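Chain by chain, the residues run as shown.
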Amino acid sequence: MFEVAGLEGERVGLSAARIEQLGARLAGPLLTAGDEGWDEAVEVWNAMVTARPALVVQPVSARDVAMVVRFAADHGVLLSVKGGGHNIAGTALADGGLTLDMSRMREVAVDPSARLAHAGPGCLLRDVDRATQQQGLATVLGFVSETGVAGLTLGGGFGYLTRRFGWAADNLQEVEVVTADGTIRTASRTENPDLFWALRGGGGNLGVVTRFTFRLHEVGPLITGGLAAWSADRADEVLKTYQELTASAPRELTAAVMIRLAPPAPFVPDEWHLKPVAGLLVCHSGSAAEAEADLAPLRALGEPIFDLIGEKPYVAQQSMFDEMEPKGLNQYWKTEFLPGLPDEYLPTFRDAALDVASPLSFSVVFHIAGGLNESDDGGAVGNREARFISGFSGVWPPHADGGRIVDAVRRGWESIRPFSTGGNYVNFQLAEDDADRTAAAYRASYDGLRRVKERYDPDNRFRVNRNISPRKGS
């Protein structure tokens, strides 16, 4: 008898024959510990996540997914879905349960005439970016190319193109999804519109998406982007420049300001390794001439310690932080949405960021105002009044003591909360965050999400996520 976790934490016994029967019906593999491919299937980005499933299925079709969803429901088994495994809270893995690892469903089909991309649920950002950029097109995705498209999009999803085109979820045209009853459905603005509304922001609460269809836009293949940094002694100047830059920036320009210790990277002069710096990260998707004019305030800061800003392929911009965000490090984040960037925020952020600074940690303010503030048909993503997202990312190696870093991140977070909209980004929540924090990520959309959850998943079978309980559970 094989024991797995049940929905309420109980142990469910599954006979070897029953597991074998499931495996025989699937086109994709069913794995248990020790099988070839197991270690990769249960690896996630944040090393703080220690959960491990008892069973993993790697589906290759919506039919496979539907069989697994029905199997889990019939036997009361705890189920989770792993796209890219990049979620910081570790929601990809059902501890002791059954995990759907979607990594074998990574196909991307681009229709340039219709300006659409159809992407499988196992796709990483780089899969979609590379395929669409061959046609000079892109959709809104994040800014680390190893992030999974599914989790990013279903939680909202922001990146360098958000100011122009809204959330990633705003750019969804249609999805194929397996709901809790094992039915394969299509959801769009005209078909199952309530489900489509909820999927655009509701995370993994409503079902397992097996195909995403994104709207595409003309972007690249060359943009102006990169990172420049100055000594943290000049942090006040850099922050003020950032405040002024974002106050007048066109939609084509997205900018973030960072404070951290300079990494010991080849582009950083040796004498600045692990010294505190203030950096400006930019991506300008307009013409080179427009970028040069719009970045004039940044250039006015004078000679930086290093300057990586220039014309480059959009896919290079999308992957420039991959090496700085590898799998296997401990990650502890706290962030808030901001309605603006008032003068008094700047020194508050500066002091907290310098307190957080460690060899791998960083603090950031990211400008997101624009398209996401205007959509009236963008789904359940909350906090559409947000104009910035800011917070602190505590990072340290496995087996090292991260206590000081965690304490500094929490102090910094508490110091910026008075400036918050009252909301936060659901994809940046930690496993420790409670239901109130999740509700704050949706605010006005939360009750509507609970109603749709009640219709499509009344037993809360999809609960290994930033969970939204069905309305009857209130």
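Since this is a predicted model, take the numbers as computed values, not measurements.

Draft legend 1. Structural detail: the UniProt feature "domain: FAD-binding PCMH-type" (unreviewed entry) in the chain. Following the UniProt record, the feature "domain: FAD-binding PCMH-type" (unreviewed entry) maps to residues 49-219 here. Between the C-alpha atoms that bound residues 49-219 the distance is 36 Å, and the span itself is 23% helix and 25% strand.

Draft legend 2. Region of interest: the packing of helix H12 (residues 345-356) against helix H13 (residues 403-416). Following both chains from N to C, one finds H12 and H13 inclined at 175°, their axes separated by 8 Å at the closest point. On the basis of their axis angle, the class for H12 and H13 is roughly antiparallel. Contacts from Tyr 345, Thr 348, Ala 352, Asp 355 and Val 356 of H12 reach H13 at Arg 404, Ala 408, Val 409, Arg 411, Gly 412, Ser 415 and Ile 416.

Draft legend 3. Up close: the sheet that holds strand E4 (residues 55-57). Strand order in the open sheet formed by four strands is E3-E4-E6-E5, with mixed pairing between adjacent strands. Both outer strands of the open sheet, strand E3 (30-31) and strand E5 (79-82), are each paired with one neighbouring strand and no more. Two elements, E3 and E4, share two bridges in a ladder whose sense is antiparallel. Directly across from Leu 30, in E4, lies its bridge partner Val 57. Of the strands in this sheet, E4, E5 and strand E6 (98-101) touch helix H3 (residues 62-75), which is tilted by about 170° from E6.

Draft legend 4. Broad picture of unusual backbone geometry. Cis rather than trans, the peptide bond between Gly 220 and Pro 221 has omega equal to 5°. Despite not being glycine, Arg 115 shows a phi value in the positive range, around 55°. Along the chain, Arg 115 turns up in the loop between strand E7 (108-111) and strand E8 (116-119). Despite not being glycine, Asn 192 has its phi angle at roughly 50°, a positive value. Here Asn 192 lies in the loop between strand E11 (184-188) and helix H7 (193-199).

Draft legend 5. Region of interest: empty space enclosed by the protein. Applying the stated criterion across every chain, the model contains four cavities of 30 Å³ or more. Computed from the structure, the second largest cavity encloses a volume of approximately 80 Å³. Lining the second largest cavity are Leu 227, Ala 229, Met 258, Arg 260, Ala 262, Pro 263, Phe 267, Val 277, Gly 279, Phe 306 and Met 324. Broken down by secondary-structure element, the contributors of at least two residues to the lining of the second largest cavity are strand E14 (222-231), strand E15 (253-261) and strand E16 (276-284).

Draft legend 6. Inspection of helix H14 (residues 435-442) at higher detail. Looking only at H14, the buried set comprises Arg 437, Thr 438, Ala 440, Ala 441 and Tyr 442. Lining the buried residues of H14 we find strand E19 (330-338), H13 and helix H15 (446-456). Its side-chain oxygen 3.2 Å from the backbone nitrogen of Asp 436, Asp 434 forms the N-cap of H14. Where H14 ends, the next residue or the one after it, Arg 443, has phi of about 50°, a positive value.

Draft legend 7. Layout of the environment of Val 208. Residue placement: Val 208 occurs in strand E12 (residues 208-215). Judged by its relative accessible area of 2%, Val 208 is buried. Sequence separation of Val 208 and Ser 80 is 128 residues, and the distance between their C-alpha atoms is 9.3 Å. In this view, Val 208 contacts Val 65, Val 69, Val 81, Leu 100, Met 102, Glu 176, Val 177, Val 178 and Phe 462; residues no more than four positions away in its chain are not counted.

Draft legend 8. Spotlight on the sheet that holds E11. Pairing is antiparallel in the open sheet, where five strands are placed in the order E7-E8-E12-E10-E11. Either end of the sheet is taken by a strand with one partner, and the two such strands are E7 and E11. Taking each pair of neighbouring strands and ignoring which way they run, the sheet shows an average axis angle of 15°. Sheet analysis places strand E10 (residues 172-178) next to E12, joined by six bridges and oriented antiparallel. For Glu 176, the partnering residue across the bridge sits in E12 and is Arg 211. Packing of H3 onto the sheet brings it into contact with E10, E11 and E12, and relative to E10 it is tilted by some 50°. Contacting E7 and E8, helix H4 (residues 125-133) crosses the sheet at an angle of about 30° to E7.

Conventions used here
- Numbers given for residues are sequential positions, taken from 1 along each chain in its written order.
- The predicted nature of this model means local features are confined to residues of pLDDT at least 70 and side-chain atom pairs, given and counted, to a pLDDT of 80 or more, with totals for whole chains, interfaces and linings taken over all residues.
- By convention in this description, side-chain values take in all heavy atoms of the structure and omit both hydrogens and water.
- UniProt positions are given in the numbering used here, feature names are shortened, and annotations may be inferred rather than shown by experiment.
- Strands here are runs of E lasting at least two residues and helices are runs of H or I lasting at least four, both read from the DSSP assignment and numbered beginning at the N terminus.
- Only the stretch in contact is used when a helix axis is fitted, and all axes are lines through C-alpha atoms; the angle between N-to-C directions ranges over 0 to 180 degrees.
- Note on angle classes: values under 35 degrees are labelled roughly parallel, values over 145 roughly antiparallel, values of 65 to 115 roughly perpendicular, and the remainder oblique.
- Two residues qualify as a contact provided that any one of their heavy atoms is within 4.5 Å of a heavy atom in the partner residue.
- The pairing criterion is simple: DSSP has to find at least two bridges between the two strands.
- Buriedness of a pocket was judged along seven lines, with at least five required to meet protein on both sides within 12 Å; pockets are open sets of points on a 1 Å grid over the protein atoms alone, cavities are sets where a 1.4 Å probe fits but cannot get out, and lining residues have an atom within 4 Å of a point.
- Grid points are joined across faces, edges and corners, and a volume is the space filled by probe spheres set on the points.
- Any residue under 20% of the maximum accessible area for its type is buried, any over 50% is exposed, and the rest in between are partly exposed; the area is computed with a 1.4 Å probe on protein chains only.
- Pairing of N or O atoms within 3.5 Å defines a polar contact, subject to two protein rules: one partner must be a possible hydrogen donor and the other a possible acceptor, and residues neighboring in sequence count only if both atoms are side-chain atoms.

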